[in-house]
Amino acid sequence: MTSIRNIDRRAILLGALAAAPALAMPGLLRAQDRIATLAFFGPPAGPSVTLAHAVATNRFADIADAASMTAWRSPDELRAGLTSGGIALSIVPVQAAANLYNRGFPIRLANVMTDGLLYVATGDDGINAIADLRGHSVAVPFRGDTPEILFSQLLAHNGLNPETDLRITWAGSPIEAMQLLLAGRVDAALTAEPSTTAAVMAGRQAGKDIRRAIDLQAAWGEMAGAAPVLPQAGLAITQGILDTHGDALPAILAGIEAATAEVLADPAAAASDATDALGMPAPLLAASVPHSNLVARPAAEARADIERMLSAMSGADMAAIDGRLPDDGFYL
Amino acid sequence: MGHPQAISGRSRSRTVRLSLHLLALIGLFAVLIAQATFTGGLWPFDLRFSALIAAGGIALLAIAWWPAALAFAVIAALVRRVRWRLALWPLAVLGMVGLHAAFGPGLGFAPLGTLGLAGVLRLYAIPAALPILAGSALREAFLTNSAPVPPADGAAPPHPKRNTP
């Protein structure tokens, strides 16, 4: 048996060398704690092009063994995925995320990925502002949803009564609104990208000069006396993935930021990456990118814009978001 | 009643003519898709999307101008000579330009000034050709008593009487 008095400097040095791997263990463990599959979800619209491009260009190779991007087709599909746990990372309408958070669902907003993609499209030269819609017929989709609420507020701000001053035709979807416009059954249509781009393209082929006559972001900014931005959608993360892989969040956001810059610089290449994931034609996605106001703003930075939008669109009682603005915990 | 060989020759001639119409139709659609792609800036190229946009354009024009399209088809079906049917094409395009100038803006189309002369000619060139081609094909299929096709070796077609015992 060796006495403690017999321990010399060589033994201490050998002991330290032997202990070095043990001291480094937390780091090694972290390195091994990679995400097996980083599964992103999003709507079949502009912001999802960014995620699909980020996945296609291996932006998350440092933190995940694999990454995927899948488009959900309806808010119901999104809700079902979130509640079942099948969707943990998704681009979500900001209002929907705020509503879920306020009702106790463990979801938080990581960033804002579009500053608004709403337009009023028309082929009528006389329509260039909200006030010009007086006496015209307008197709409006998203009844009761964010775009329709914002549109109603803009009408009211411009002194227009939607029941007496213009004829509103409710449409089931932006695509249907676009079809009504192209068929000449309405004078204008409230649409979102990429449906607006589809209307412009189809109109051009038929000799109709369909254009984005009213930029709702600009009209909103003018009404609110603020920046012309509508932070409509961002990346939402459930608490489950924050608990298990929360340390990967900075890398995810950095990857999205870099991908956003690439998408804006080369929409055609990004659209080619996204066409399969989104199930939408690459030319349509490429042409819609410049009008989708794609950004990658951390949620905390965009908070003032988000609160301005939520306050205005939720009405005095804020029933649409459970009666109050989300607290600090909502913004990552 | 003709001789069986003569009837066979007429049938072959009709088949050839209808095949030519089909080829022309395919060619027109190819041009239409190319036109939609280039004028619409539909890049990166996606054949299905270009075809969809092209077909959507034709559908919108057909909805607006179907009486004119029907008239072109009927006139083409009534005209006996192929070259006259061909001559109908530019006349139909000019007719469509006139109709567009008179009624287009009222139907939601861009004014001639916005489209430009080249633009409006390009817009109606193929949509005006399609009903004429359809009328022509109908004539070939149901109304024409075509001459038989000469045999491949250049010999004269068999005379019914000469071959009668």
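In this text the structure is predicted, and so the values were computed from the model without any measurement.

*Asks:* Please explain the overall build of chain A as it appears in this structure.
*Replies:* Looking only at helices and strands, chain A has 14 helices and 12 strands in total. Of all 332 residues assigned to chain A, the portion counted as buried reaches 49%. Looking at chain A alone, contacts between residues at least 24 apart form 78% of all its contacts between residues at least 6 apart. For chain A, the exposed area adds up to about 14,400 Å²; of that, 54% sits on carbon and sulfur atoms.

*Asks:* Is there a simple way to think about the layout of surface pockets in this case?
*Replies:* All names here are of chain A. The space that makes up the largest pocket amounts to roughly 1,000 Å³. Along the walls of the largest pocket sit 34 residues, with P43, W72, P75, P93 and F142 positioned nearest its centre. Contributing elements (two or more residues each) for the lining of the largest pocket: α4 (75-84), α5 (94-102), α6 (146-157) and α7 (174-182). Ranked by residue count, the leading element in the lining of the largest pocket is α5, at 4 residues. Across the lining of the largest pocket, the residue classes break down as 21 nonpolar, 9 polar and 4 charged.

*Asks:* I tried to follow the packing of helix α3 (residues 46-56) of chain A against helix α12 (residues 267-278) of chain A on my own but got confused; where do I start?
*Replies:* For any two helices packed against each other, one specifies the inter-axial angle together with the distance between the axes. Residue and element names in this part refer to chain A. Their axes nearest at 8 Å, the elements α3 and α12 cross at an angle of 100°. Relative to α12, α3 is oriented roughly perpendicular. Where α3 approaches α12, its residues S48, V49, A52, H53 and A56 are matched on the opposing element by A270, A271, D273, A274, A277 and L278. Each residue belonging to the contact of α3 with α12 can be placed in one class, and the counts come to 8 nonpolar, 2 polar and 1 charged.

*Asks:* Explain a nonpolar patch on the surface here, please?
*Replies:* Residues and elements named next belong to chain B. On the surface, a cluster of nonpolar side chains totalling about 490 Å² of accessible area is made up of V16, L20, L22, L23 and I26. Position of L23 among the secondary structure elements: in helix α1 (residues 4-40). With a relative accessible area of 55%, L23 lands in the exposed category.

*Asks:* It is not clear to me how the packing of helix α2 (residues 47-78) of chain B against helix α3 (residues 82-103) of chain B should be interpreted in this structure. Could you clarify?
*Replies:* Residues and elements named next belong to chain B. Following both chains from N to C, one finds α2 and α3 inclined at 165°, their axes separated by 11 Å at the closest point. Between α2 and α3, the angle is such that the two are roughly antiparallel. Along this stretch, α2 crosses α3, giving a crossing that reads as right-handed. Within the contact between the two elements, α2 uses W65, A68, F72, I75 and A76 and α3 uses R85, L88, A92, M96, L99, H100 and F103.

*Asks:* In this structure, what is going on with the confidence of the model for chain A? I would like to understand it.
*Replies:* Across chain A, the average pLDDT comes to 90, with 90% of residues at or above 70. Low pLDDT, under 50, characterises residues 21-32 of chain A; the stretch is placed with 2 contacts to residues that sit more than four places away or in other chains.

*Asks:* When you look at the interface of chain A and chain B in this model, what are you seeing that I'm missing?
*Replies:* How large an interface is tends to be reported as the accessible area lost when its parts come together. Contacts between the two partners involve 17 residues from chain A, matched on the other side by 22 residues from chain B. Counting across the chain A and chain B interface gives 0 salt bridges. Along the contact surface separating chain A from chain B lie 2 residue pairs in polar contact (both at pLDDT 80 or more). At the level of elements, α8 (195-205), α12 and α13 (282-288) of chain A are the ones that each hand at least two residues to the side of chain A that touches chain B. Across the side of chain A that touches chain B, the residue classes tally to 11 nonpolar, 3 polar and 3 charged.

The rules behind the values
- Residues numbered from 1 in each chain as written.
- Chains lettered and ligands numbered in written order.
- Predicted model: local features only at pLDDT ≥ 70, side-chain atom pairs only at ≥ 80, totals over all residues.
- Heavy atoms only, no water.
- Helix = DSSP H or I, 4+ residues; strand = E, 2+ residues; numbered from the N terminus.
- Buried < 20%, exposed > 50% of the residue type's maximum accessible area, 1.4 Å probe, protein only.
- Contact = heavy atoms within 4.5 Å.
- Areas by Shrake-Rupley, 256 points an atom, 1.4 Å probe, with all protein chains shown as cover.
- 1 Å grid on protein atoms, 1.4 Å probe; cavity = no way out; pocket = protein on both sides within 12 Å on 5 of 7 lines; lining within 4 Å.
- Points joined across faces, edges and corners; volume = space filled by probe spheres on them.
- Nonpolar A, V, L, I, M, F, W, Y, C, P; charged D, E, K, R; others polar.
- Axes fitted to C-alpha atoms, helices over the stretch in contact; angles between N-to-C directions.
- Parallel < 35°, antiparallel > 145°, perpendicular 65-115°, else oblique.
- Patch = residues over 30% accessible without salt bridge, like charges linked within 9 Å, V, L, I, M, F, W, Y side chains within 5 Å.
- Salt bridge = Lys/Arg side-chain N within 4 Å of Asp/Glu carboxyl O.
- Left-handed = near helix turned anticlockwise from the far one by under 90°.
- pLDDT = per-residue confidence, 0-100.
- Polar contact = N/O pair within 3.5 Å; in protein donor to acceptor, adjacent residues only side chain to side chain.

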